[in-house]
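# Inside the fold
Next come the chains, spelled out residue by residue.
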Amino acid sequence: MKIAIINGPNLNLLGKREKDIYGDMSFEKYLPVLREMFPSVTFYYFQSNIEGELVGEIQRTGFEYDGIVLNPAAYTHTSVAIGDAIAAIKVPVVEVHISNVHAREEFRKLSYVSAKAAGSIFGLGLQGYELAVRWLIGKA
Ligand code: CA2
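Notes on the structure in this doc start here. (Residues numbered from 1 in each chain as written. Predicted model: local features only at pLDDT ≥ 70, side-chain atom pairs only at ≥ 80, totals over all residues. Heavy atoms only, no water.)

## A closer look at the sheet that holds strand 3 (residues 67–71)
Here is the rule we go by: Each pair of strands is called paired provided DSSP finds at least two bridges between the two strands. Only DSSP runs of H or I reaching four residues or more are called helices, and only runs of E reaching two or more are called strands; each is numbered from the N terminus. Lines fitted to the C-alpha atoms define the axes, with helices restricted to the stretch that makes contact. Angles between their N-to-C directions range from 0 to 180 degrees. Residue contacts are defined here by distance: any two heavy atoms, one from each residue, within 4.5 Å place the two residues in contact.
Spatially, the 5 strands line up as an open sheet ordered 2-1-3-4-5, and their pairing is parallel. Among the strands making up the open sheet, the edge pair consists of strand 2 (42–47) and strand 5 (119–122). The average undirected angle you get between the axes of adjacent strands in this sheet is 20°. Together, strand 1 (2–7), strand 2, strand 3, strand 4 (93–97) and strand 5 form the strand contacts of helix 5 (residues 127–139), whose direction differs from that of strand 3 by roughly 160°.

Structure follows, in structure tokens:
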């Protein structure tokens, strides 16, 4: 089984700043933990700060992988293009947010992704990615 994990802008700073909100582990440190937890899964990881690159990777992996775990970060709240890309592909997408977006600023309550995703997880820290992977495995 092949799962793509796609992270949006600024998530390359995980573990370096705003640790009270996003925790103290970088995604590069967390990825090997996930790989060890799910040895039967082939993971592909992509992070970008550029909206068009994220759209490109959603399109590409959306016809090649068995599922996508997507944290579009701030683009969640602004990007019609990312929502459209999810609607255009074949594979299930699980939207993950590390923080509880509903307990923060008003603008974070709007997601252009949730309606197109198979489901959404928020507020459970990095464990949200693990739960998303478990769901995708169960679905396959
Ligand atoms: O909670 C999440 O996962 C978010 O997608 C994170 C985004 C935010 O805009 C969304 O509303 C919720 C922000 C990612 C920024 O990540 C940083 C990590 C460490 C230091 C600074 C930023």
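Anyway, onward from the coordinates.
## What to know about the side chain of Glu130
What counts is decided by this rule: Each residue gets one of three labels from its accessible area relative to the maximum for its type: buried under 20%, exposed over 50%, partly exposed in between, using a 1.4 Å probe on protein chains only.
Inspection of the secondary structure puts Glu130 in helix 5. Accessibility expressed as a relative area gives 11% for Glu130, which makes it buried. Other than its neighbours up to four places away in sequence, Glu130 contacts Tyr30, Leu34, Met37 and Phe38.

## Some remarks on the pairing of strand 1
Most of strand 1 is tucked away, with 5 of its 6 residues classed as buried. Bridge count between strand 1 and strand 2: 6 bridges; the pairing is parallel. What sits directly across from Ala4, in strand 2, is Tyr44. Here strand 1 runs beside strand 3; their pairing, made up of 5 bridges, is parallel. Directly across from Ile5, in strand 3, lies its bridge partner Val69.

## So, a nonpolar patch on the surface
Using the following cut-off: Only residues whose relative accessible area exceeds 30% and that take part in no salt bridge are eligible for patches, with like-charged residues grouped when within 9 Å of each other and nonpolar side chains (Val, Leu, Ile, Met, Phe, Trp, Tyr) grouped when within 5 Å. To be clear on the numbers: accessible area is Shrake-Rupley with a 1.4 Å probe, and residue cover counts the displayed protein chains and nothing else. Any carboxyl oxygen of Asp or Glu that lies within 4 Å of a side-chain nitrogen of Lys or Arg is treated as forming a salt bridge with it.
On the surface, Met25, Val33 and Met37 cluster together to form a nonpolar patch covering roughly 200 Å² of accessible area. Looking at where Met25 falls in the secondary structure, it is placed in the loop between helix 1 (19–22) and helix 2 (27–37). Met25 sits in the partly exposed class, given a relative accessible area of 31%.

## Details of the pattern of salt bridges
Close approach of charged atoms allows side chains with opposite charge to pair. As enumerated under the stated definition, the model contains 6 salt bridges in all. Its salt-bridge partner being Arg134, residue Glu130 comes within 3.0 Å of it at the nearest N-O pair. Of the two residues, Glu130 and Arg134 both sit in helix 5, 4 residues apart, roughly one turn of that helix. Judged by relative accessible area, Arg134 falls into the partly exposed class, the value being 44%. Taken together, the shared-partner salt bridges in this structure form one network comprising Glu57, Arg60 and Glu64.

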